[in-house]
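Letter by letter, the chains look like this.
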Amino acid sequence: MSEATRLEEASKHIKSAQKKLKRGLTKWSIGANDYDVAALEYESAAKIYQYLKKHKTAIETWETAAAHHEKADNYYCQGRCFESIAIIHKDQKNQTEQINAILSAGKAYLEDGKPDKGADAYIRAAKVSRDIDSPVKAAEYVTQALTILDDEELYHLTPEPARLLISLRVKSGDYQKAVEAIKRSAGFFKQLKQSHNIDKGAVEIVILRLAAKDPVLAERDLHSMSETFGIDGEEAITAQDLVRAYQEADEEQFNSVLGRQVLTFLHPDIARLSKKVVSYFRKNLVGERAGYKIGYAFRGKTPQNF
């Protein structure tokens, strides 16, 4: 079928939609069924324009279909129209508009009473935003998704976006908000009765605090996690030992703790961050302590508590 024939077919669909709406006016008002039928006709036309790569016309026609679906209270189909628009923007590498279309789809799904699909749309928008180096904006979208899932008590859907949020916070260098994200995910894991993931989160919080050179806050967070969630597993012991070794600049103990198997199952971005902690520990804390000992030796004194 030639392009001209296809374009003529698309034009017929649009005329059919317009005719349906015009007929509705003769009944004094356009009903939901009129809008629904018109929307489907516009969809058929939009698919043809999209196939022929008439991008601008396709987007405009999908938007018209979406508007008519909304008037017919058919929000799910409205969301699918925005998904098609997002695909066009993706093909054109127009990520900003792609994100906007995905978010519009998410809002339509929420209006349709489908929080799982709505949250998923926000997560997909976050991933596109992340890929264009906008981790802060991406984190906002994931946070919205988690709020939706939390409000609807869809806890089984929270682990993946929770991990994504932690990753985004770490990559943006906001360790405080990364800690907050871990604490929030601990609440989800509590609902899922996954205590081992809560305990693992305690270790991750310690590494984040030590990366910020704040062992005192690491200790406070451990105490808070213990009181709130009752952490007591191997991970919790490892977290405590890691803080103690750091504070005492005990290189032997520090290396011993780092060799424990529980540290091999951490969030990938935090596992990489732990290398920064190790580097700082060995270059600064251990060196400072050694220098302190040498200073005492030169003065003929013996340092205490080393």
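Remember, predicted model here, so these are calculated numbers, not experimental data. Throughout, residues of each chain are indexed from 1 in the direction in which the sequence is written. Selection of residues for local features in this predicted model requires a pLDDT of at least 70, selection of side-chain atom pairs for listing and counting requires 80 or more, and totals for whole chains, interfaces and linings are taken over all residues. Here the side-chain values reflect all heavy atoms present in the structure, with hydrogen atoms and water set aside.

Chemist: Hey, could you run me through helix α5 (residues 95-111) in this one?
Modeler: Count 3.6 residues to each turn of an α-helix, and residues three or four apart come out pointing the same way. Runs of H or I in DSSP of at least four residues are treated as helices and runs of E of at least two as strands, each being numbered from the N terminus. Here the expected length of a helix is defined as 1.5 Å per residue gap, with one fewer gap than residues. Taking 1.5 Å of rise per residue, the 17 residues of α5 would be expected to cover 24 Å, and the 24 Å separating its terminal C-alpha atoms lies within 8% of that figure. If you check which residues of α5 are buried, you get Gln98, Ile99, Ala101, Ile102, Leu103, Ala105, Gly106, Ala108 and Tyr109. Pairs of residues are marked as contacts when any of their non-hydrogen atoms sit within 4.5 Å. Here the buried face of α5 lies against α4 (75-91), α6 (115-131) and α7 (135-151). Once α5 finishes, Gly113 follows within two positions and takes phi at roughly 80 degrees, a positive value. Summary of the burial criterion: residues with accessible area below 20% of their type's maximum are buried, those above 50% are exposed, and those between are partly exposed, where the area comes from a 1.4 Å probe applied to protein chains only.

Chemist: Can you help me understand the packing of aromatic side chains in this one?
Modeler: The description of an aromatic ring pair uses the distance of the two centres, along with the angle that the planes make with each other. Stacked, tilted and edge-to-face pairs are distinguished by plane angle, under 30 degrees for stacked and over 60 for edge-to-face with tilted covering the rest, among Phe, Tyr and Trp rings (Trp via its six-membered ring) whose centres lie within 6.5 Å. This structure, assessed with the given rule, holds two aromatic pairs. Here the aromatic rings of Tyr76 and Tyr109 are separated by 5.7 Å at their centres, their planes lie at 40 degrees, and the arrangement is tilted. Of this pair, Tyr76 sits in helix α4 while Tyr109 sits in helix α5, placing them 33 residues apart in sequence.

Chemist: Looking at this structure, how should I read the nonpolar core?
Modeler: The tendency in soluble globular proteins is for nonpolar side chains to be buried side by side. Counting residues in each nonpolar core, the largest one holds 89 residues, and the members touching the most others are Leu208 and Phe254. If you tally residues by element for this core, the top one is helix α10 (residues 195-211), at nine residues. Contact partners of Phe254, with chain neighbours within four places excluded, come to Leu242, Ala245, Tyr246, Val277, Val278 and Phe281. In this description, a nonpolar core means a group of buried Ala, Val, Leu, Ile, Met, Phe, Trp, Tyr and Cys residues linked to one another through side-chain atoms lying within 4.5 Å.

Chemist: Please clarify how α4 should be interpreted in this entry.
Modeler: Over its 17 residues, α4 runs 25 Å from end to end, which matches the ideal 24 Å to within 8%, given 1.5 Å per residue. Those residues of α4 that fall on the buried side of the exposure criterion are Tyr75, Gln78, Gly79, Cys81, Phe82, Glu83, Ser84, Ile85, Ala86, Ile88 and His89. On its buried face, α4 is in contact with α2 (32-51), α3 (55-71), α5 and α6.

Chemist: Where do I start with the packing of helix α9 (residues 175-191) against α10 in this structure?
Modeler: Angle between the axes and distance between the axes are the two parameters that describe a pair of packed helices. In this description, a line fitted to the C-alpha atoms serves as the axis of each element, helices being fitted only across the stretch in contact, and the angle between N-to-C directions of two axes falls anywhere from 0 to 180 degrees. Relative orientation of the contacting elements α9 and α10 amounts to 175 degrees, with a least axis distance of 9 Å. Between α9 and α10, the angle is such that the two are roughly antiparallel. Each of Tyr175, Gln176, Ala178, Val179, Ile182, Lys183, Ala186, Phe189 and Lys190 in α9 lies in contact with α10, whose residues at this interface are Asn197, Ile198, Gly201, Glu204, Ile205, Leu208, Arg209 and Ala211. Each residue is assigned to one of three groups, with Ala, Val, Leu, Ile, Met, Phe, Trp, Tyr, Cys and Pro labelled nonpolar, Asp, Glu, Lys and Arg labelled charged, and all others, Gly among them, labelled polar. For the contact of α9 with α10, the residue count by class is 10 nonpolar, three polar and four charged. In this scheme, roughly parallel covers angles under 35 degrees and roughly antiparallel covers those over 145, while 65 to 115 is roughly perpendicular and the rest are oblique.

Chemist: I would appreciate a short explanation of the side chain of Arg169 in the present structure.
Modeler: Mapped onto the elements of the fold, Arg169 is located in helix α8 (residues 159-171). Under the counting rule used here, the positive set is Lys and Arg, the negative set is Asp and Glu, and His together with the chain ends is not counted. Any Lys or Arg side-chain nitrogen found within 4 Å of a carboxyl oxygen on Asp or Glu counts as a salt bridge. Buried Arg169, no salt bridge; nearest opposite-charge side chain is Asp174, N-O distance 5.0 Å. Sequence-distant contacts of Arg169, defined by excluding residues within four places in its chain, comprise Ala139, Thr143, Asp174, Lys177 and Ala178.

Chemist: Help me understand empty space enclosed by the protein, please; the structure alone is not making it clear to me.
Modeler: Rolled over the atoms, a probe with the dimensions of a water molecule shows which regions are left empty. Each cavity reported here is a set of points on a 1 Å grid over the protein atoms alone in which a 1.4 Å probe fits but cannot get out, each pocket an open set with protein on both sides within 12 Å along at least five of seven lines, and each lining residue one with an atom within 4 Å of a point. Grid points are joined across faces, edges and corners, and a volume is the space filled by probe spheres set on the points. The tally for this structure, following the rule as stated, stands at two cavities of 30 Å³ or more. Of the volumes computed, that of the largest cavity is approximately 40 Å³. For the largest cavity, the full set of lining residues is Ile207, Leu210, Leu242, Phe254, Leu258, Ser274 and Val277. Looking at the lining of the largest cavity, the elements that each hand over two or more residues are α10, α13 (251-258) and α14 (268-298). For the lining of the largest cavity, a count of residues per class yields six nonpolar, one polar and no charged. Of the voids in this model, the second largest cavity is the one considered here, and its volume is about 30 Å³.

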